[in-house]
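Residue strings, one per chain:
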Amino acid sequence: MSKCEQCIVRQFSSLKALSKDELLKMADCKTSYTIKKGETIFEEGEITNGIYCIKDGVCKMTKLSANGKDQIVKLVKSGELLGQRSTISEEPANLSAVALEDMEVCFIPKTEILQFFTQNNQFSMNVMKTICGDLKEADDHMVSMAQKSVKERLAETLLYLEDTFGKNDDNTLKLQLSREELAGMIGTATESCIRLLSELNKAGLIELIGKKIAIKDRNKLRRMSE
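In the annotation of an unreviewed UniProt entry, the protein is listed under the name Crp/Fnr family transcriptional regulator and assigned to Flavobacterium macrobrachii.

Engineer: Whenever I open this one, the overall build of the protein confuses me. Can you help?
Structural biologist: Looking only at helices and strands, the protein has 10 helices and 10 strands in total. Relative to the compact-globule value of 17 Å for 226 residues, the protein shows a C-alpha radius of gyration of 19 Å, a close match. In terms of overall dimensions, the protein has a C-alpha envelope of 60 × 40 × 30 Å along the principal axes. With 226 residues in all, the protein has 42% of them scored as buried. Across the protein, the fraction of contacts at a sequence separation of at least 24, relative to all contacts at a separation of at least 6, is 68%. For the protein, the separation between the mean place of its 33 positive charges and that of its 34 negative charges on side chains is 4 Å.

Engineer: How do you make sense of the pattern of salt bridges when you look at a structure like this?
Structural biologist: Oppositely charged side chains are able to pair whenever their charged atoms sit close together. In total, this model carries 15 salt bridges according to the counting rule given. Ionic pairing is found between lysine 136 and aspartate 140, a salt bridge with its closest N-O pair at 3.6 Å. In this pair, lysine 136 and aspartate 140 are both assigned in helix H6 (residues 121-147), four residues apart and thus about one turn of the helix distant. The exposure class of aspartate 140 is partly exposed, given its relative accessible area of 47%.

Engineer: Mind showing me how you'd approach the UniProt feature "domain: HTH crp-type" (unreviewed entry) in the protein here?
Structural biologist: UniProt's feature table lists "domain: HTH crp-type" (unreviewed entry) at residues 148-219, given in the numbering used throughout. Secondary structure content for residues 148-219 is 54% helix and 11% strand, and the end C-alpha separation is 18 Å.

Engineer: What is the right way to look at the sheet that holds strand E1 (residues 31-35) in this model?
Structural biologist: Strands belonging to one sheet form pairs held by backbone hydrogen bonds; the direction of such a pair is parallel or antiparallel. Strand order in the open sheet formed by four strands is E1-E8-E3-E6, and the pairing between neighbours is antiparallel. For this open sheet the edge positions go to E1 and strand E6 (81-82), each flanked by a neighbour on one side alone. Here helix H5 (residues 110-119) sits on the sheet in contact with strand E3 (50-56) and strand E8 (103-109), set at roughly 70 degrees to E8.

Engineer: Teacher, can you tell me more about the UniProt feature "domain: Cyclic nucleotide-binding" (unreviewed entry) in the protein here?
Structural biologist: UniProt's feature table lists "domain: Cyclic nucleotide-binding" (unreviewed entry) at residues 14-117, given in the numbering used throughout. Taken end to end, residues 14-117 is 23% helix and 41% strand, and its first and last C-alpha atoms sit 10 Å apart.

Engineer: So what exactly am I meant to see when it comes to helix H7 (residues 150-165) here?
Structural biologist: Each full turn of the α-helix corresponds to 3.6 residues, which orients residues three or four apart in the same direction. Compared with the 22 Å implied by 1.5 Å per residue over 16 residues, the 22 Å span of H7 between its first and last C-alpha is a close match. What H7 keeps buried is the set Arg153, Leu154, Ala155, Thr157, Leu158, Leu159, Leu161, Glu162 and Phe165. Once H7 finishes, glycine 166 follows within two positions and takes phi at roughly 80 degrees, a positive value.

Engineer: How do you make sense of unusual backbone geometry when you look at a structure like this?
Structural biologist: If a residue is not glycine, its phi is most likely negative; likewise, a peptide bond is most likely trans. Although it is not a glycine, asparagine 49 sits at a positive phi angle of roughly 60 degrees. Mapped onto the elements, asparagine 49 comes out in the loop between strand E2 (40-42) and E3. Positioned with a positive phi, asparagine 171 is a non-glycine residue whose angle comes to about 70 degrees. Position of asparagine 171 relative to the elements: it lies in the loop between H7 and helix H8 (179-186). For asparagine 171, a relative accessible area of 39% gives the class partly exposed.

Engineer: Just to check I follow, could you spell out the packing of aromatic side chains for this structure?
Structural biologist: By convention here, two paired aromatic rings are described through the distance between centres and the angle between planes. Following the criterion strictly, the structure yields four aromatic pairs and no others. Their ring planes at 85 degrees and their centres at 6.2 Å tell us that phenylalanine 116 and phenylalanine 123 sit as a pair that is edge-to-face. Here phenylalanine 116 falls in the buried class, since its relative accessible area comes to 1%. Between the aromatic rings of tyrosine 160 and phenylalanine 165, the centroid separation amounts to 6.1 Å while the plane-to-plane angle is 85 degrees, which identifies the pairing as edge-to-face.

Engineer: Would you take a moment to explain the sheet that holds strand E7 (residues 96-99) for this structure?
Structural biologist: The four strands lie next to each other as E2-E7-E4-E5, forming an open sheet whose pairing is antiparallel. Two strands bound the open sheet, and with one partner strand each, they are E2 and strand E5 (70-77). Each neighbouring strand pair of the sheet contributes to a mean axis angle of 30 degrees, computed without reference to strand direction. Taken together, the seven bridges between strand E4 (residues 58-64) and E5 define a ladder with antiparallel strand orientation. Across the sheet, the residue bridging to methionine 61 is lysine 74, located in E5.

Engineer: Got a minute to help me understand the pairing of E3 in this structure?
Structural biologist: Taking burial as the measure, the seven residues of E3 include five buried ones, the bulk of the element. In this sheet, E8 lies alongside E3 in antiparallel orientation, the contact comprising six bridges. The residue bridging aspartate 56 from the neighbouring strand is glutamate 104, located in E8. As paired strands, E3 and E6 are joined by two bridges and run antiparallel to one another. Paired with cysteine 53 across the strands is leucine 81, a residue of E6.

Thresholds, definitions, all that
Residues numbered from 1 in each chain as written. Predicted model: local features only at pLDDT ≥ 70, side-chain atom pairs only at ≥ 80, totals over all residues. Heavy atoms only, no water. Helix = DSSP H or I, 4+ residues; strand = E, 2+ residues; numbered from the N terminus. Rg over C-alpha atoms; globule rule 2.2 N^0.38 Å. Buried < 20%, exposed > 50% of the residue type's maximum accessible area, 1.4 Å probe, protein only. Contact = heavy atoms within 4.5 Å. Lys, Arg positive; Asp, Glu negative; His and termini not counted. Charge placed at Lys NZ, Arg CZ, Asp CG, Glu CD. Salt bridge = Lys/Arg side-chain N within 4 Å of Asp/Glu carboxyl O. UniProt positions renumbered as here; feature names shortened; annotations may be inferred. Pairing = 2+ DSSP bridges. Axes fitted to C-alpha atoms, helices over the stretch in contact; angles between N-to-C directions. Expected span 1.5 Å × (residues − 1). Phe/Tyr/Trp six-rings, centres within 6.5 Å; stacked < 30°, edge-to-face > 60°.

Below you can see the structure in the form of structure tokens.
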């Protein structure tokens with residue numbers, strides 16, 4: 001059995017359309033890496049020359065804004081692929097990918113991916129659907145940024161973090177973002193983010209335990225986010 005056949009990424013991504021032979025070919029040409037927390041997988045403007053499969057861990061996708069701040073566009077977790085769009089469009093990466101925790105990733109060269117793309121209809125359909133899904137998410141995110149207040153966006157983001165990445169035994173959010181990263185997700189200054197967290201804490205909607213955050217009142221937080 002090739003490791004690619006049993007891999008989590010294959011179950012959840014476009015790769016589920018690949019045949020056993022294609023998976024064996026992929027296993028032969030892939031390179032596996034361990035990326036340490038804080039390390040960059042690729043940078044905005046870089047030619048990626050292939051896709052990355054996230055076997056384990058979470059990374060943030062960021063864009064450098066005009067004022068030199070990193071805007072977090074989205075978070076990507078295990079079971080997902082990075083670099084599909086730039087591989088197909090043959091453009092440099094539009095975003096940087098930085099590990100939020102230690103990660104296990106595999107790199108599959110572009111030549112291999114493009115071969116699957118031209119020979120396997122279901123695979124190319126899956127890739128297109130994923131890219132369309134990313135576009136829809138980007139549209140929703142843009143509307144949210146334009147129409148919601150920072151407080152509403154913070155409430156929405158905290159719920160998203162719990163729903164997507166789960167919580168620890170003490171009910172704190174499993175994915176530990178710094179205050180700066182949280183501010184970068186909701187598009188505000190770190191100071192404003194800290195002030196808003198303290199307001200939500202006082203109101204009993206969340207609890208701040210050191211650097212960690214626990215959601216106390218999901219319903220109120222949800223109403224606030226809408």
